[in-house]
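Per-entry structural report
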Amino acid sequence: MGALIIEGDRILLVERGQEPLKGWWSLPGGAVETGERLEEALHREVREETGLEVEIVCLIEIFERIMLDEQNKPEYHYILMDYLCRPTGGTMCAADDAGKAEWFTRSELAGLKITEGTTEVIAKAFAYRS
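Residues numbered from 1 in each chain as written. Predicted model: local features only at pLDDT ≥ 70, side-chain atom pairs only at ≥ 80, totals over all residues. Heavy atoms only, no water.

1. Regarding the state of the cysteines
Put simply, the rule is: The criterion for a disulfide is a pair of cysteine sulfur atoms lying within 2.5 Å. Buried means the residue's accessible area, taken with a 1.4 Å probe over protein chains only, is under 20% of the maximum for its type, while exposed means over 50%, and partly exposed covers the values in between.
Following the criterion strictly, the structure yields zero disulfides and no others. Counting only cysteine sulfurs, C85 is the nearest neighbor of C58, a cysteine outside any disulfide, at a range of 8.9 Å. What makes C58 buried here is its relative accessible area of 17%. There is no disulfide at C93, and the cysteine sulfur nearest it, in C85, is 19 Å away. Residue classification places C93 among the partly exposed residues on the basis of a relative accessible area of 47%.

See the structure below:
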(Lines give C-alpha, C1' and ligand atoms only; values in the text may rest on other atoms or scores of the structure.)
Protein backbone atom coordinates (compact mmCIF):
# COMPACT_ATOMS: atom_id res chain seq x y z
CA MET A 1 0.00 0.00 0.00
CA GLY A 2 1.31 3.43 -0.88
CA ALA A 3 -0.05 6.86 -0.01
CA LEU A 4 0.28 9.81 -2.38
CA ILE A 5 -0.30 12.45 0.29
CA ILE A 6 -0.59 15.81 -1.44
CA GLU A 7 -1.09 19.17 0.18
CA GLY A 8 -1.07 22.19 -2.12
CA ASP A 9 1.87 21.78 -4.49
CA ARG A 10 3.80 19.39 -2.24
CA ILE A 11 3.93 15.61 -1.78
CA LEU A 12 4.97 13.79 1.38
CA LEU A 13 7.77 11.24 1.02
CA VAL A 14 9.60 9.08 3.54
CA GLU A 15 13.21 8.04 3.50
CA ARG A 16 13.40 4.29 4.02
CA GLY A 17 15.20 3.46 7.24
CA GLN A 18 15.51 -0.31 6.61
CA GLU A 19 16.27 -2.67 3.74
CA PRO A 20 15.21 -3.18 1.10
CA LEU A 21 16.18 0.20 -0.38
CA LYS A 22 17.42 1.77 2.85
CA GLY A 23 18.18 5.46 2.25
CA TRP A 24 15.88 5.77 -0.75
CA TRP A 25 12.85 8.11 -0.78
CA SER A 26 9.46 6.55 -1.33
CA LEU A 27 5.76 6.95 -0.68
CA PRO A 28 4.61 6.25 2.87
CA GLY A 29 3.08 2.80 3.08
CA GLY A 30 3.75 -0.86 3.58
CA ALA A 31 2.37 -4.36 3.74
CA VAL A 32 -1.16 -5.45 4.45
CA GLU A 33 -1.42 -7.63 7.56
CA THR A 34 -3.39 -10.87 7.49
CA GLY A 35 -7.11 -10.12 7.86
CA GLU A 36 -6.62 -6.37 7.41
CA ARG A 37 -8.68 -4.49 4.81
CA LEU A 38 -6.72 -2.49 2.23
CA GLU A 39 -7.87 0.94 3.39
CA GLU A 40 -7.24 0.02 7.04
CA ALA A 41 -3.68 -1.00 6.11
CA LEU A 42 -3.08 2.28 4.33
CA HIS A 43 -4.33 4.35 7.29
CA ARG A 44 -2.23 2.30 9.72
CA GLU A 45 0.96 2.48 7.64
CA VAL A 46 0.64 6.24 7.09
CA ARG A 47 0.05 6.79 10.81
CA GLU A 48 2.98 4.52 11.76
CA GLU A 49 5.47 6.09 9.31
CA THR A 50 4.41 9.76 9.38
CA GLY A 51 2.15 10.39 12.39
CA LEU A 52 -0.55 11.73 10.04
CA GLU A 53 -4.18 10.82 9.55
CA VAL A 54 -5.41 10.87 5.96
CA GLU A 55 -8.55 10.76 3.87
CA ILE A 56 -8.30 8.37 0.92
CA VAL A 57 -9.47 10.05 -2.29
CA CYS A 58 -9.01 7.30 -4.89
CA LEU A 59 -6.77 4.54 -6.24
CA ILE A 60 -4.24 6.03 -8.70
CA GLU A 61 -2.22 3.00 -9.79
CA ILE A 62 -1.42 -0.66 -9.28
CA PHE A 63 2.28 -1.34 -9.83
CA GLU A 64 4.29 -4.55 -9.75
CA ARG A 65 7.91 -4.51 -8.59
CA ILE A 66 10.22 -7.54 -8.68
CA MET A 67 13.60 -7.02 -7.02
CA LEU A 68 16.44 -9.37 -7.86
CA ASP A 69 19.22 -10.62 -5.57
CA GLU A 70 22.96 -10.82 -6.35
CA GLN A 71 22.39 -14.01 -8.38
CA ASN A 72 19.75 -12.22 -10.47
CA LYS A 73 16.94 -14.28 -8.92
CA PRO A 74 13.71 -12.76 -7.53
CA GLU A 75 14.21 -11.78 -3.89
CA TYR A 76 11.15 -9.58 -3.37
CA HIS A 77 7.91 -9.42 -5.35
CA TYR A 78 5.57 -6.57 -4.51
CA ILE A 79 2.16 -5.59 -5.83
CA LEU A 80 1.85 -1.91 -4.93
CA MET A 81 -1.48 -0.09 -4.78
CA ASP A 82 -0.98 3.67 -4.63
CA TYR A 83 -3.83 5.83 -3.35
CA LEU A 84 -4.22 9.60 -3.57
CA CYS A 85 -4.74 10.94 -0.04
CA ARG A 86 -5.34 14.23 1.77
CA PRO A 87 -3.91 14.90 5.24
CA THR A 88 -6.68 15.41 7.80
CA GLY A 89 -4.87 15.44 11.14
CA GLY A 90 -2.03 14.24 13.28
CA THR A 91 1.47 15.64 13.72
CA MET A 92 4.12 14.78 11.16
CA CYS A 93 6.93 12.73 12.66
CA ALA A 94 8.93 10.00 10.94
CA ALA A 95 8.61 6.71 12.80
CA ASP A 96 8.50 2.92 12.39
CA ASP A 97 10.76 2.03 9.44
CA ALA A 98 10.87 5.58 7.99
CA GLY A 99 14.10 7.46 8.71
CA LYS A 100 12.68 10.84 7.65
CA ALA A 101 9.37 12.28 6.46
CA GLU A 102 9.46 15.46 4.39
CA TRP A 103 7.32 17.50 2.00
CA PHE A 104 8.69 18.09 -1.52
CA THR A 105 7.58 20.09 -4.53
CA ARG A 106 7.66 18.27 -7.85
CA SER A 107 10.72 20.24 -8.94
CA GLU A 108 12.63 19.03 -5.85
CA LEU A 109 12.12 15.34 -6.74
CA ALA A 110 14.84 15.34 -9.42
CA GLY A 111 17.61 15.58 -6.81
CA LEU A 112 16.36 12.66 -4.72
CA LYS A 113 17.39 9.01 -4.67
CA ILE A 114 13.82 7.83 -5.31
CA THR A 115 12.34 4.37 -5.81
CA GLU A 116 11.48 3.11 -9.30
CA GLY A 117 8.11 4.27 -10.60
CA THR A 118 7.55 6.79 -7.81
CA THR A 119 8.11 9.94 -9.89
CA GLU A 120 5.69 8.71 -12.55
CA VAL A 121 2.90 7.86 -10.11
CA ILE A 122 3.37 11.24 -8.38
CA ALA A 123 2.87 12.93 -11.77
CA LYS A 124 -0.35 10.93 -12.25
CA ALA A 125 -1.62 12.00 -8.84
CA PHE A 126 -0.95 15.69 -9.52
CA ALA A 127 -2.59 15.37 -12.97
CA TYR A 128 -5.65 13.73 -11.40
CA ARG A 129 -6.05 16.67 -9.04
CA SER A 130 -5.96 19.19 -11.91
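That covers the picture; the talk isn't over yet.
2. Here's the deal with unusual backbone geometry
Heads up, the condition is: Under the scheme used here, helices are H or I runs from DSSP no shorter than 4 residues and strands are E runs no shorter than 2 residues, and both carry numbers assigned from the N terminus.
At N72, a position not held by glycine, the phi torsion is positive, near 65 degrees. Looking at the element boundaries, N72 is found in the loop between β4 (52-68) and β5 (74-90).

3. Let's talk about the environment of F126
With respect to the helices and strands, the residue F126 is situated in helix α2 (residues 118-129). Using a relative accessible area of 8% as the deciding quantity, one classes F126 as buried. The spacing of F126 and G90 is 36 residues in sequence and 23 Å in space, taken between C-alpha atoms.

4. Side note on the confidence of the model for the chain
Applicable threshold: What pLDDT reports is the predictor's confidence in each residue, on a scale of 0 through 100.
Overall, the prediction assigns the chain a mean pLDDT of 92, with 98% of residues at 70 or greater. When the elements of the chain are averaged for pLDDT, strand β6 (residues 98-105) gives the smallest value, 89, and strand β1 (residues 2-7) the largest, 97.

5. Side note on the layout of surface pockets
The test is simple: Cavities and pockets were defined on a 1 Å grid built over protein atoms only: a cavity is a set of grid points that admits a 1.4 Å probe from which the probe cannot escape, a pocket is an open set flanked by protein on both sides within 12 Å along at least five of seven lines, and lining residues are those with an atom within 4 Å of any such point. Grid points are joined across faces, edges and corners, and a volume is the space filled by probe spheres set on the points. Each residue gets one of three labels, nonpolar for Ala, Val, Leu, Ile, Met, Phe, Trp, Tyr, Cys and Pro, charged for Asp, Glu, Lys and Arg, and polar for the others, Gly among them.
There is about 610 Å³ of room inside the largest pocket. By residue number, the principal contributor to the lining of the largest pocket is β5, which donates five residues. In terms of residue class, the lining of the largest pocket is built from 16 nonpolar, nine polar and nine charged.

6. Examining the pattern of salt bridges
Defined as follows: Salt bridge, as applied in this entry: a Lys or Arg side-chain nitrogen positioned within 4 Å of an Asp or Glu carboxyl oxygen.
Under the criterion given, the structure shown has eight salt bridges. Notably, a salt bridge pairs R44 with E33, separated by 3.6 Å at the nearest N-O pair. Pair noted here: R44 is in helix α1 (residues 38-50) and E33 is in the loop between β3 (25-26) and α1, with a separation of eleven residues, a long-range link. Look at E33 and you get partly exposed, because its relative accessible area is 46%. Between R44 and E36 there is a salt bridge; the shortest N-O distance is 2.7 Å. E36 carries the same exposure label as R44, and that label is buried. If you follow the salt bridges from partner to partner, you end up with E33, E36, R44, E45 and E48 in one network.

7. Quick look at α2
Convention followed: Helix span, as expected, comes to 1.5 Å for every residue beyond the first. Along the arc lie the directions from the helix axis toward the C-beta atoms. Residue contacts are defined here by distance: any two heavy atoms, one from each residue, within 4.5 Å place the two residues in contact.
An ideal rise of 1.5 Å per residue puts 16 Å on twelve residues; α2 measures up with 17 Å between its terminal C-alpha atoms. Every buried residue of α2 is listed here: T118, V121, I122, A125 and F126. The buried residues of α2 all sit within an arc of 140 degrees when viewed along its axis, so they share a single face. For α2, exposure combined with an orientation more than 90 degrees from the buried face picks out E120 and A127. Where α2 is buried, its residues meet β1, β2 (10-16), β4 and β5.

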